[in-house]
Amino acid sequence: MKSRSIFTLACTAFMLALIVSCNTNGTKEKAPVLKNGGLTLPSGFSSNIVADSLGSARHLVVTPQNDIYVRLAHTVKGVGTLLLHEEQGNARLLYGFGDFGGTGVQIHDGYLYTASNTEIFRYKLDAENHVTDTAKPERIVTGLIDRNEHNTKSIMFDDKGNMFIPIGCPSNSCQENDRKPGSMGMPGCLLLDSAGGVWMFSADKKDQTYGDGARYATGLRNVVAIAWNNQAKKLFVMQHGRDQLNTLFPKYFNDKQNAQLPAECMYALGNGDNAGWPYIYYDPFKKKKILMPEYGGDGEKTLDSNFIDPAAAYPAHLAPNDLLFYAGDMFPEKYKNGAFIAFHGSWNRSPEPQAGFFVVFQPFKNGMPDGDWEVFADGFSGGADSTANGHAVHRPCGLAQGPDGALYVCDDNRGTIFRITYNKNDLERDKNKTGPNNFRDTQVAGK
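1. Some words on the overall build of the chain
- Broken down by element type, the chain carries seven helices and 29 strands.
- With 447 residues in all, the chain has 58% of them scored as buried.
- Relative to all contacts within the chain whose residues are 6 or more apart in sequence, the contacts with residues 24 or more apart total 59%.
- Carbon and sulfur atoms make up 48% of the accessible area of the chain, which amounts to about 18700 Å² in all.

2. With respect to the pairing of strand β18 (residues 280-283)
- Burial along β18 is two-sided: the residues Ile 280 and Tyr 282 and Tyr 281 and Asp 283 are all buried.
- In this structure, β18 lies alongside strand β19 (residues 288-291), joined through four bridges in antiparallel fashion. Within β19, the residue paired with Tyr 282 across the bridge is Lys 289.
- Remark: four residues form the turn of the hairpin made by β18 and β19, two consecutive strands paired antiparallel; Lys 287 in that turn has positive phi of roughly 55 degrees.

3. Focus: the sheet that holds strand β2 (residues 57-62)
- A sheet is described by the order of its strands in space; here four strands give the open sequence β2-β3-β4-β5, paired in antiparallel fashion. Here the strands that pair on one side only, and so sit at the sheet edges, are β2 and β5 (90-97). This sheet shows a mean twist of 25 degrees between the axes of neighbouring strands, independent of strand direction.
- Across six bridges, the pairing between strand β3 (residues 67-76) and strand β4 (residues 79-87) is antiparallel. The partner of Tyr 69 across the bridge, within β4, is Leu 83.

4. Considerations on the packing of aromatic side chains
- By the definition in use, this model includes 32 aromatic pairs.
- Measuring from centroid to centroid gives 6.4 Å for Tyr 111 and Tyr 113, while their planes differ by 65 degrees, and the two rings are edge-to-face. An identical accessibility class is assigned to Tyr 111 and Tyr 113; each is buried.
- Here Tyr 279 and Tyr 295 contribute two aromatic rings whose centre-to-centre distance is 4.8 Å and whose plane-to-plane angle is 70 degrees, an arrangement assigned as edge-to-face. On the criterion of sequence distance, the pair formed by Tyr 279 in the loop between β17 (273-274) and β18 and Tyr 295 in the loop between β19 and β20 (312-314) is long-range, its members being 16 residues apart.
- Connected via pairs of aromatic rings, a cluster forms that spans Phe 45, Tyr 326, Phe 331, Tyr 335, Phe 340, Phe 361, Phe 376 and Tyr 422.
- If you follow Lys 124 out to its NZ or CZ, it ends over the ring of Tyr 111, 4.7 Å from the centre.

5. Concerning the state of the cysteines
- Here the structure, examined in full by the defined rule, presents one disulfide.
- The disulfide bridge from Cys 174 ends at Cys 189, spanning 2.1 Å between sulfur atoms. The sign of the 105 degrees torsion about the S-S bond sets the Cys 174-Cys 189 disulfide as right-handed. In this pair, Cys 174 sits in the loop between β11 (163-167) and β12 (197-201) while Cys 189 sits in the loop between β11 and β12, placing the two residues 15 residues apart along the sequence. Residues Cys 174 and Cys 189 agree in their burial class; the two are buried.
- Between Cys 410, a cysteine without a disulfide, and Cys 397, which holds the nearest cysteine sulfur, the sulfur-to-sulfur distance is 5.8 Å.
- Relative accessible area serves as the criterion here: at 0%, Cys 410 is assigned to the buried category.

6. Side note on unusual backbone geometry
- The step from Leu 261 to Pro 262 runs through a cis peptide bond, and the omega angle for that step is -10 degrees.
- One can find Pro 262 in the loop between α4 (255-260) and β16 (264-269).
- In this model, Ser 350 is joined to Pro 351 through a cis peptide bond whose omega is 5 degrees.
- Tracing the sequence through the fold places Pro 351 in the loop between β22 (339-343) and β23 (358-362).
- One non-glycine residue, His 317, lies in positive phi territory at about 70 degrees.
- By the element assignment, His 317 lies in the loop between β20 and β21 (320-325).

7. Regarding the pattern of salt bridges
- Overall, the coordinates contain 18 salt bridges when judged by the stated rule.
- The partner of Glu 86 in a salt bridge is Arg 419, and the shortest N-O contact between them spans 3.8 Å. Of the two residues, Glu 86 is situated in strand β4 and Arg 419 in strand β29 (residues 417-422); the sequence distance between them amounts to 333 residues. The same class applies to Glu 86 and to Arg 419, which are both buried.
- For Lys 286, the salt bridge is made with Asp 283, and the minimal N-O distance between the two is 3.5 Å.
- Assessed through its relative accessible area of 34%, Lys 286 is described here as partly exposed.
- One continuous salt-bridge network, built from bridges that share partners, spans Glu 149, Asp 178, Arg 179, Arg 221 and Asp 243.

8. Things to note about the sheet that holds strand β27 (residues 396-401)
- The sheet built from four strands is open, its strands ordered β1-β29-β28-β27 with antiparallel pairing. Only two strands of the sheet have a single neighbouring strand rather than two, namely β1 (45-51) and β27. In this sheet, adjacent strand axes meet at a mean angle of 25 degrees when their direction is disregarded.
- Bridge analysis of β27 against strand β28 (residues 407-411) gives five bridges, and the strand direction is antiparallel. Looking across to β28, one finds that Leu 399 is bridged to Val 409.

How each quantity is defined
- Residues numbered from 1 in each chain as written.
- Predicted model: local features only at pLDDT ≥ 70, side-chain atom pairs only at ≥ 80, totals over all residues.
- Heavy atoms only, no water.
- Helix = DSSP H or I, 4+ residues; strand = E, 2+ residues; numbered from the N terminus.
- Buried < 20%, exposed > 50% of the residue type's maximum accessible area, 1.4 Å probe, protein only.
- Contact = heavy atoms within 4.5 Å.
- Areas by Shrake-Rupley, 256 points an atom, 1.4 Å probe, with all protein chains shown as cover.
- Pairing = 2+ DSSP bridges.
- Axes fitted to C-alpha atoms, helices over the stretch in contact; angles between N-to-C directions.
- Phe/Tyr/Trp six-rings, centres within 6.5 Å; stacked < 30°, edge-to-face > 60°.
- Lys NZ or Arg CZ within 6 Å of the ring centre and 35° of its normal.
- Disulfide = S-S within 2.5 Å.
- Salt bridge = Lys/Arg side-chain N within 4 Å of Asp/Glu carboxyl O.

Right, dumping it as structure tokens:
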């Protein structure tokens, strides 16, 4: 406790600076207050901004005490994890700690786990879920690959206490010369030895390396969104699909095809599964696994091998950055046990318009996707023009469920946290205000 007290005093200047930043957004004039924080939601739902200008907020977790731990991609004033307390729709900073940025954050078995791009740490929590000693985390995993591409690390636990870390591959498609037009794929793709999959480690053994863990699943180009499903007893992930089919292999793919291919896929993983990257991609129109051009494909050749099928597929290049199975009681029954997915937004659809920058809902039944997905929360980008040109105001990145069942969404562009709630009394008032969802029709069905 003494170490924490000393560190808290040392952070006072930082706290004051950050609070001022959160309240003023760096200007003397207050920003206009937008209904629902600028978001478009289904009837009966509302949202508000509980914190702003935190830094590049990647993932977050909410405690039973309504405290919010937020991981920052890069440190702000020397700290990479923030603890805020939310009350009546507003969050105030309690303290910050950890001199490293990163993405992953989870609470498990009395500890707070955080990830840098190469290591996993944990901090002991007290009865109020506050870190007991911010200056002395335990290092649980070290030496994970970081080559400045697809290098973030997320954290998830199963119902037996195993810890899963997705490790992105520092390559687009395992070419001999990465992202060079016409370059063919590396035979055997040796990068898969230490990346391009999900690794399983012990949750409480210190200083583990690759040799102490096990590769749980492979053939996954880049995974940021990962969640354990208690109904299916399976690990679910969302893959960031490959880029640049049109510029790397213009013989086979035009600009429109590049904007639509490949699908961003959800996978339900078992131990030893292979999702097929870099040898295949999933075509949501043909509903087939297509051989990559780097390995002899032409957009038509298929390759099934022993690669698993996706559990669900979504439009290309939308960048799924978090996945959450809703277990609360606040939202209507249709949302119970279903999945929310935060799509960070695209950059690789040009010259076609960019897309994404929203949170979608995927219905589930008996632990597996069941029925069509739908846009749940939109408007993060700031408008249709901002979506199309990719210059979004907010980019949804992290998801968390509060103790009352509220859904929290953080963005890593403005460092904003949105809190989404449901009130059935608002349903009648809002029932005629939600327009049709045409994005799914045009982007997935190809209409």
